[in-house]
Amino acid sequence: MTRTITPRLRTLVLLLLAVTGALFAGAGPASAHAALTGSDPAQGVVVPKAPTQVSLTFSETVALNDGSLRVLDPRGKPVQTGRPVNVSGTTYAVRLKDGLAKGTYTVTYQVVSADSHPVAGAYTFSVGAPSQTVVSGTGPVAGGGIVGALYGIGRYLSYAGFIVLAGGAAFVLACWQRGAGVRAVQRLVVGGWLTLTAATLWLLLLRGSYTGSGKLGDVFDLDLLGQVLQTKTGATLVSRLLLLAAAALFIAVLFGAYARTTATTDPDDGSERPRTDAGGNGADAEAGTGGASDEEVTDEEAADEQAARRDLTFGLSIGGVVVAAGLAASWAMAEHASTGLQPGIAMPVDVVHLLAVAAWLGGLTTLLVALYRAPADAPVEAAVVRRFSRVAFGSVLALVATGTYQSWRQLGSWSAFTGTRYGQLLLVKIGLVAVLVGVAWISRRWTARLTDPAETGAEAASEAGAEAEVGAEAEVGAEAEVGAEAASEAGAAVGAAAAGGVRSVQAGAEAADSVGTGTESPTGTTTTTTTTTGDRTRDGERAAQLARQRAAVDAARDKRLRDGDPNRSGLRRSVLAEAGIAVVLLAVTTMLTQTEPGRTEQDARAAAPSPSSSASSSSSGAVTLDMSFDTGGTDGKGLVRIDIDPARVGGNEMHVYVQRPNGRAFDIPEVKIAFTLEAKRIGPLTVNPDHITTGHWAADGVQIPVAGDWKIAATVRTSDIDQVTVSKNTQIG
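Note that the structure is predicted; figures quoted are calculated from it, not measured. (Residues numbered from 1 in each chain as written. Predicted model: local features only at pLDDT ≥ 70, side-chain atom pairs only at ≥ 80, totals over all residues. Heavy atoms only, no water.)

J.: Tell me about the overall build of the protein, residues and numbers included.
T.: Of regular secondary structure, the protein possesses 16 helices and 20 strands. Relative to its full complement of 733 residues, the protein shows a buried share of 43%. Sequence-distant contacts, at least 24 apart, represent 71% of the contacts inside the protein between residues at least 6 apart. As displayed, the protein has an accessible area near 36,200 Å², and 58% of this comes from carbon and sulfur atoms. (Helix = DSSP H or I, 4+ residues; strand = E, 2+ residues; numbered from the N terminus. Buried < 20%, exposed > 50% of the residue type's maximum accessible area, 1.4 Å probe, protein only. Contact = heavy atoms within 4.5 Å. Areas by Shrake-Rupley, 256 points an atom, 1.4 Å probe, with all protein chains shown as cover.)

J.: Any details on unusual backbone geometry? Residues and values, ideally.
T.: For the bond running from Asp40 to Pro41, omega is 0°, close enough to zero to count as cis. In this structure, Pro41 sits in the loop between strand S1 (36–40) and strand S2 (46–47). For the bond running from Asp645 to Pro646, omega is 10°, close enough to zero to count as cis. Along the chain, the position of Pro646 falls in the loop between strand S13 (637–645) and strand S14 (650–659). Located in the positive-phi region is Ala647, a residue other than glycine, with phi close to 60°. With respect to the secondary-structure elements, Ala647 resides in the loop between S13 and S14.

J.: Any details on the sheet that holds strand S15 (residues 670–677)? Residues and values, ideally.
T.: With antiparallel pairing, four strands are arranged side by side in an open sheet as S16-S15-S19-S20. The two strands at the open ends of the sheet, each matched to only one other strand, are strand S16 (682–687) and strand S20 (723–732). Geometrically, the sheet is characterised by an average inter-axis angle of 20° between neighbouring strands, direction not taken into account. Bridging between S15 and S16 involves four bridges; their strand directions are antiparallel. Residue pairing in the sheet places Ala674 in a bridge with Thr686 of S16. (Pairing = 2+ DSSP bridges. Axes fitted to C-alpha atoms, helices over the stretch in contact; angles between N-to-C directions.)

J.: Describe the nonpolar core, naming the residues involved and giving the relevant values.
T.: By size, the foremost hydrophobic cluster in this structure holds 70 residues, and its most contacted members are Phe162, Leu165, Trp176, Leu254 and Leu367. Considering every element that reaches this core, the biggest residue donor is helix H8 (residues 343–373), with 13 residues. One finds Val640, Val656, Val687 and Val706 within the second-largest nonpolar core, a separate group that totals 29 residues. (Core = buried A, V, L, I, M, F, W, Y, C linked by side-chain atoms within 4.5 Å.)

J.: Provide a residue-level description of the packing of aromatic side chains, including the pertinent values.
T.: Throughout the structure, instances matching the rule amount to nine aromatic pairs. Consider the rings of Phe58 and Tyr109, whose centres lie 5.7 Å apart with planes at 70°: the pair is edge-to-face. Here Phe58 is found in strand S3 (residues 53–58), whereas its partner Tyr109 is found in strand S8 (residues 103–113), with 51 residues between them in sequence. Of the two residues, Phe58 and Tyr109, neither departs from the other in class, the shared state being buried. Measuring from ring centre to ring centre gives 5.6 Å for Phe171 and Phe388, while their planes differ by 65°; the resulting arrangement is edge-to-face. Taken together, the positions of Phe171 in helix H2 (residues 145–174) and Phe388 in helix H9 (residues 382–411) put the pair 217 residues apart, joining distant regions of the chain. Judged by its relative accessible area of 2%, Phe171 is buried. (Phe/Tyr/Trp six-rings, centres within 6.5 Å; stacked < 30°, edge-to-face > 60°.)

J.: Go over the pattern of salt bridges, please, and point to the residues and values.
T.: Oppositely charged side chains may form a pair once their charged atoms are brought near each other. For the structure on display, the rule yields eight salt bridges. For the salt bridge of Asp73 with Arg75, the shortest nitrogen-to-oxygen distance reads 3.9 Å. You can call Asp73 buried: its relative accessible area is 9%. The exposed category is assigned to Arg75, whose relative accessible area is 66%. Among the salt bridges present, the one from Arg178 reaches Glu381, with a minimum N-O distance of 2.0 Å. Taken as a pair, Arg178 in the loop between H2 and helix H3 (183–211) and Glu381 in the loop between H8 and H9 lie far apart in primary sequence, 203 residues in all. Arg178 sits in the buried class, given a relative accessible area of 13%. (Salt bridge = Lys/Arg side-chain N within 4 Å of Asp/Glu carboxyl O.)

J.: Outline the sheet that holds S14, listing residues and values.
T.: The five strands lie next to each other as S12-S13-S14-S18-S17, forming an open sheet whose pairing is antiparallel. Unpaired on one side and paired on the other, strand S12 (623–630) and strand S17 (690–693) mark the two borders of the sheet. Recorded for the sheet is a direction-independent mean angle of 25° between the axes of neighbouring strands.

J.: I'd like a rundown of the environment of Ile721, residues and numbers included.
T.: Mapped onto the elements of the fold, Ile721 is located in the loop between strand S19 (708–717) and S20. The class of Ile721 is exposed, set by a relative accessible area of 77%. Separated by 88 residues in the primary sequence, Ile721 and Gly633 have C-alpha atoms spaced 8.5 Å apart.

J.: Break down the environment of Leu316 for me, with residues and values.
T.: Position of Leu316 among the secondary structure elements: in helix H7 (residues 291–332). Between the C-alpha atoms of Leu316 and Leu173, which are 143 residues apart in sequence, the distance is 8.1 Å.

J.: Could you give an account of the side chain of Arg207, with specific residues and numbers?
T.: Tracing the backbone shows Arg207 in helix H3. No salt bridge is formed by the buried Arg207. Its closest oppositely charged neighbour is Glu335, at 7.4 Å. Not counting residues within four places of it along the chain, the set of residues in contact with Arg207 comprises Val112, Ser116, His117, Tyr151, Val228 and Thr233. (Lys, Arg positive; Asp, Glu negative; His and termini not counted.)

J.: Can you lay out the side chain of Gln186 for me, pointing to particular residues and giving the numbers?
T.: Within the element layout of this structure, Gln186 appears in helix H3. Here Ala180 takes part through its backbone oxygen, which lies 2.7 Å from a polar atom of the side chain of Gln186. (Polar contact = N/O pair within 3.5 Å; in protein donor to acceptor, adjacent residues only side chain to side chain.)

J.: If you had to explain a negative patch on the surface to someone new, which residues and values would you point to?
T.: A cluster of acidic residues, Asp645, Glu653, Asp690 and Asp700, forms a negative patch at the surface. Tracing the backbone shows Asp645 in strand S13. Classification of Asp645 by relative accessible area gives partly exposed; the value is 40%. (Patch = residues over 30% accessible without salt bridge, like charges linked within 9 Å, V, L, I, M, F, W, Y side chains within 5 Å. Charge placed at Lys NZ, Arg CZ, Asp CG, Glu CD.)

J.: Before we move on, could you go through the confidence of the model for the protein and cite the residues and values that matter?
T.: Confidence in the prediction of the protein, expressed as mean pLDDT, is 75, and 72% of residues score 70 or more. At the low end of the mean pLDDT range in the protein sits helix H13 (residues 502–517), at 41; at the high end sits helix H5 (residues 232–254), at 94. In the model, residues 453–531 has pLDDT below 50 throughout and makes 41 contacts with residues more than four positions away in sequence or in other chains. Scored below 50 in pLDDT, residues 609–620 shows 23 contacts in the model against residues more than four places distant or in partner chains. (pLDDT = per-residue confidence, 0-100.)

J.: Quick rundown of the pairing of strand S18 (residues 696–704)? Include the residues and the values.
T.: As paired strands, S14 and S18 are joined by seven bridges and run antiparallel to one another. By the bridge assignment for S18, Val656 is matched with Trp697. Relative to S18, S17 runs antiparallel, the two sharing three bridges. Note on S18: the bridge partner recorded for Asp690 is Ala698.

J.: Could you give me a rundown of the pairing of S12, with the residues and numbers involved?
T.: Of the two faces of S12, the one holding Val623, Leu625, Met627 and Phe629 is buried and the one holding Thr624, Asp626, Ser628 and Asp630 is not buried anywhere. Sheet topology places S12 next to S13; eight bridges connect them, and they run antiparallel. In the strand pairing of S13, Asp626 is matched with Arg641. With antiparallel pairing between neighbouring strands as the criterion, S12 and S13 make up a hairpin whose turn holds six residues, including Gly632 at a positive phi of roughly 95°.

J.: Help me get a handle on the packing of H2 against H8, residues and values and all.
T.: For the pair H2 and H8, the least separation of the axes is 6 Å and the interaxial angle reads 75°. Taken together, the axis directions place H2 and H8 in an arrangement best described as roughly perpendicular. Here Tyr159, Phe162, Ile163, Ala166, Gly167, Gly168 and Phe171 of H2 come into contact with H8, specifically with Leu354, Leu355, Val357, Ala358, Ala359, Leu361, Gly362, Gly363, Thr366 and Leu367. Here the contact of H2 with H8 is built from residues that sort into 12 nonpolar, five polar and no charged. (Parallel < 35°, antiparallel > 145°, perpendicular 65-115°, else oblique. Nonpolar A, V, L, I, M, F, W, Y, C, P; charged D, E, K, R; others polar.)

Structural data, given as structure tokens:
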């Protein structure tokens, strides 16, 4: 009988997929894990003469290619020469052409951090004096667009595939060895392997475009793929594919030879299952004088089978741990754990963390499938659920220990929990884990109540006895029907004999005997044989139909007994809720791996140079913006000039000058300034400057919270009804 997913389960799965999609849709471009901590010339400064090179300093080592560092003149033409080189440590430089003219130059960079994530950005500096034209929109967006979204989905699927693969196999070996022969469990684990393999290949193809151009058309560029294979990330992805080949062999043995060994013995309680002959009869039912000898041989064979199964279980356990640890190391060696503070400790801790996640969430997924899709005549036993409960508890303890170390390593301070995006996501993850543990506690309560009551077996035996009685009556009825038909035919023959004489009577009697006994009659051979074959065919069809009815009744009874247990139903609901929370938790974890750690972000802020301290002239660090306006009314045209000094994060002094088209000071009724950082959704921060004198307004202590490309909008009102807002972008901080 074909099973289908219940409507409630289908609805929950669709809802969880929608939530996961929403999380990825709002994730945006991948955040950098290496930060720009310094540059020469510094950001926003005005230098008296053209430099010979531009150097950038990052918070960690990065990987570069020929186009990683570019310098563009005011017209957008590149002025760098040669390829970028590593000057010292984490500082990289590119040489510039000789004889650069005065004006504002734009520096763009796109590199790959040591933890495999792309880093991109841009800033400006000026030679002699700022120019009227500045190249805009030249800063690359690393890890964004369609390619970035596809890469994020691939990372999520790779984590999910690993958890299902490793956790499902661990659940079978450690908790439910008989589950190796359950088709639903086999499909789940094989599905995890297929998902991880496909996601790894997909990430390998996307990698070049993800860290480079960001174009979907470059996904199948073989030259780009060759460059990826030479990087650390490419090597780890190839290593993961090789380990997946070993995992395929492991799965073949687990669901092949190992499943056959568990079919003859009950590994969950160590007892031997009834041995049957070819006809399905118990071996103990065999009669004969050699019964004792056969029983001794059976016990010896059973002992050999149990020893072979123990050896195979041990070998699979060791091999599975090695393969799973290798797969987990393919993440630890290429991401957060491989860089920063204490990488020698962080990588093994990360491997343990991933294995604990797989044992808990992967085992939870397998238990959910077993509770809903296991055969009705062989449901998951209470002892199996209790064993997994102990495994899950140990996994949670390992997660708490390793997660605490990772949090300290990635954040470094309590303020990073709320002051950085990584810390905020980590708080969300901690909250989800707390909710998951709470639901798991409810599952443990259901597990404590879960039993395999003896009355269930007695009831089943009673029903089986009743059905056997009904079946016996049916068989007797069938035989009686056959006998009646035979007697009828015999009576017809006797009647014919009475009409034809004594000899005919004897022939009819012989025919009746032939029909009743099924032996060939000397007379009427063809007719009698045909009738006997038809009867036997009908008897076989009735027996097969009766067997199918018995099997259907048995399956329905077993399913009714399984689903009628309130404790088992409560456990199924709580485990389903745990699995739903785990899906969202995995999405948040994937976003965490693509977010700049809080420690790195705070270190970059502290190391960021002040534009005013790097200036080589009195005008260094100040920003001046000129914007023409026309309110549309009488005497409504003019120029608004905004001076911000020192144009850095923190307090700034702002002066606003309004002039007529002829350059004379212009006193207007009102002027307001608003600051907006669209990239981080900050603002508008409105400032109402004080009127100082004709055409002059000023404000002290104008706070700029973070560095970025700020849009500065000036609202100018020249009369009671004539007003206009003009804006311009500039880099502050």
